[in-house]
Amino acid sequence: DPFALNITTSTDIAVDLGAGWNWFSINVEGESMVLDSVLETLVNGIYIKGQSGYADYYPGFGWFGALEEINVENMYKINLSNADLLEYSGAAVDPATRPISLNSGWNWVGYLPSSTLEINVALETLVNGIYIKGQSGYADYYPDFGWFGGLEYMDPFNGYLLNMSAGDTLSYPGGVGNGRFLTDRENILDDKLFGFDYRQYEYNGSITSEIDIDEEIEISENDLLIAKIDGECRGYAHPITFPLTGEFVFPIMIYSSLQNEENITFEYFNSIENKYYVLSSSEEVLAFEADMAIGDGFSPYMFDKITSEYSAVEENPFKIEISMAHPNPFNPT
């Protein structure tokens, strides 16, 4: 008699999560996808939300709320009291068999492939995309060119917010593999310059900007644009060349614990001159709004005024002392 042989292999995943907010998704499905099963290894959970529901963690009981299960097609934002490790086992998802239906407007999408993909490969099937962002980078869609911005690659276990002009279907390239190649390309802020950690903030928004303050000032790839609120760093970005104009733009992501916040100030560090410039603009003064997406490569927000400037190295000594003399074999006297 004929018979069918079904073999299902189990894939173990391990997702490093930091203290604070984490945007994540998973690409395996186990026997149970309820929160208490998928998040069982977490010991520092506080709160999790999807696009249409949330749950709180209650010690000694577990997760409870309107969000009851994890769906691999969706992304989630989870808040942790300390860094933690999410470990889970299940059958790896074949992206070719799981097209994701998207609506007009914002969609919280998971990443199904088991390896890193360049963004234009990962989103190749979309025709109505406008804008996509991960937790620390974003990209705009330019017709007849493709996706471009600080978000160049999409990675397993990351989550993404995708804005659409109309409904569409996202079909990631197919194939299931146990290996994966993760990059730090998207997480450009992980070096924590200025003591900044984007995971401490629930909300973010982006500004694609250009700096045109002085013909004598040369912009280079090592420069920085820094956003501050009440004197505290809330995001920074290096310039990248927009290929359709050949001009440098700064794709900066700004973060906040509030959905609306005013008093954003911007400082520009010029690496050649080793000097900071406090910037302003002839355009409308910017205030933070959650999920704002201001400017693009063709129409960047323009910083065209200098409010003040200061050297990155203090020119005047504030302390003078004599240290111990060290032997010098070339000048023994």
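Before going into details, it helps to say that this report is about the structure given with it. Nothing here was measured: the structure is a model prediction, and the numbers come from that model. (Residues numbered from 1 in each chain as written. Predicted model: local features only at pLDDT ≥ 70, side-chain atom pairs only at ≥ 80, totals over all residues. Heavy atoms only, no water.)

Within the protein chain, the secondary structure is distributed over 2 helices and 29 strands. Evaluated residue by residue, the protein chain yields a buried proportion of 47% over its 333 residues. Sequence separation of at least 24 residues holds for 76% of the intrachain contacts in the protein chain that already meet a minimum separation of 6. On the protein chain, roughly 17,400 Å² of surface is accessible, and the fraction owed to carbon and sulfur atoms is 48%. (Helix = DSSP H or I, 4+ residues; strand = E, 2+ residues; numbered from the N terminus. Buried < 20%, exposed > 50% of the residue type's maximum accessible area, 1.4 Å probe, protein only. Contact = heavy atoms within 4.5 Å. Areas by Shrake-Rupley, 256 points an atom, 1.4 Å probe, with all protein chains shown as cover.)

This paragraph deals with empty space enclosed by the protein. According to the stated counting rule, one finds 2 cavities of 30 Å³ or more in the structure shown. If you add up the space inside the largest cavity, you get close to 60 Å³. Lining of the largest cavity is provided by Y138, D140, Y142, F148, G149, G150, T208, I240, F242, V249, P251 and G297. Listed by contribution, the elements that provide at least two residues to the lining of the largest cavity are β13 (138-142), β14 (146-149), β21 (240-242) and β22 (247-256). A per-element tally of the lining of the largest cavity places β13 first, with 3 residues. Grouping the amino acids of the lining of the largest cavity by side-chain chemistry returns 7 nonpolar, 4 polar and 1 charged. (1 Å grid on protein atoms, 1.4 Å probe; cavity = no way out; pocket = protein on both sides within 12 Å on 5 of 7 lines; lining within 4 Å. Points joined across faces, edges and corners; volume = space filled by probe spheres on them. Nonpolar A, V, L, I, M, F, W, Y, C, P; charged D, E, K, R; others polar.)

Next up on the list: the side chain of N163. Relative to the helices and strands, N163 resides in strand β16 (residues 160-164). Beyond its immediate stretch of four places on either side in the chain, N163 contacts G105, W106, N128, G129, I130 and Y131.

The next subject is the packing of aromatic side chains. What the rule picks out here adds up to 24 aromatic pairs. An angle of 80 degrees between the planes, with centres 6.0 Å apart, marks the rings of W21 and Y47 as edge-to-face. You can see W21 sitting in strand β2 (residues 20-24) and its partner Y47 sitting in strand β4 (residues 45-49), a full 26 residues away along the chain. Using a relative accessible area of 9% as the deciding quantity, one classes W21 as buried. Each ring, one from F148 and one from F242, has its centre 5.6 Å from the other, and the planes form 55 degrees; the classification is tilted. Residue F148 is found in strand β14, and its partner F242 is found in strand β21; the two are separated by 94 residues along the sequence. Here F148 and F242 have matching classes, each one buried. Among the aromatic residues, those joined into a ring-pair cluster are F194, F196, Y198, Y201, Y236 and Y255. (Phe/Tyr/Trp six-rings, centres within 6.5 Å; stacked < 30°, edge-to-face > 60°.)

Attention shifts here to the layout of surface pockets. Of the volumes computed, that of the second largest pocket is approximately 320 Å³. Around the second largest pocket, the lining comprises 19 residues; the ones closest to its centre are Q51, S52, N74, Y76 and W108. Contributing elements (two or more residues each) for the lining of the second largest pocket: β9 (100-102) and β10 (105-109). In terms of residue class, the lining of the second largest pocket is built from 8 nonpolar, 9 polar and 2 charged.

Going through the model one piece at a time under the given rule, you end up with 8 salt bridges. K228 serves as the salt-bridge partner of E267, at 3.3 Å between the closest nitrogen and oxygen. Linking E267 in strand β24 (residues 264-270) with K228 in strand β19 (residues 224-229), this pair joins segments that are 39 residues apart in sequence. Put simply, E29, E73 and R98 are held in one network by salt bridges that share partners. (Salt bridge = Lys/Arg side-chain N within 4 Å of Asp/Glu carboxyl O.)

Pairing is antiparallel in the open sheet, where 3 strands are placed in the order β1-β8-β3. Edge strands, defined here as strands with exactly one partner in the open sheet, are β1 (11-17) and β3 (28-29). Sheet analysis places β1 next to strand β8 (residues 84-92), joined by 7 bridges and oriented antiparallel. By the bridge assignment, D16 is partnered in β8 with L85. (Pairing = 2+ DSSP bridges.)

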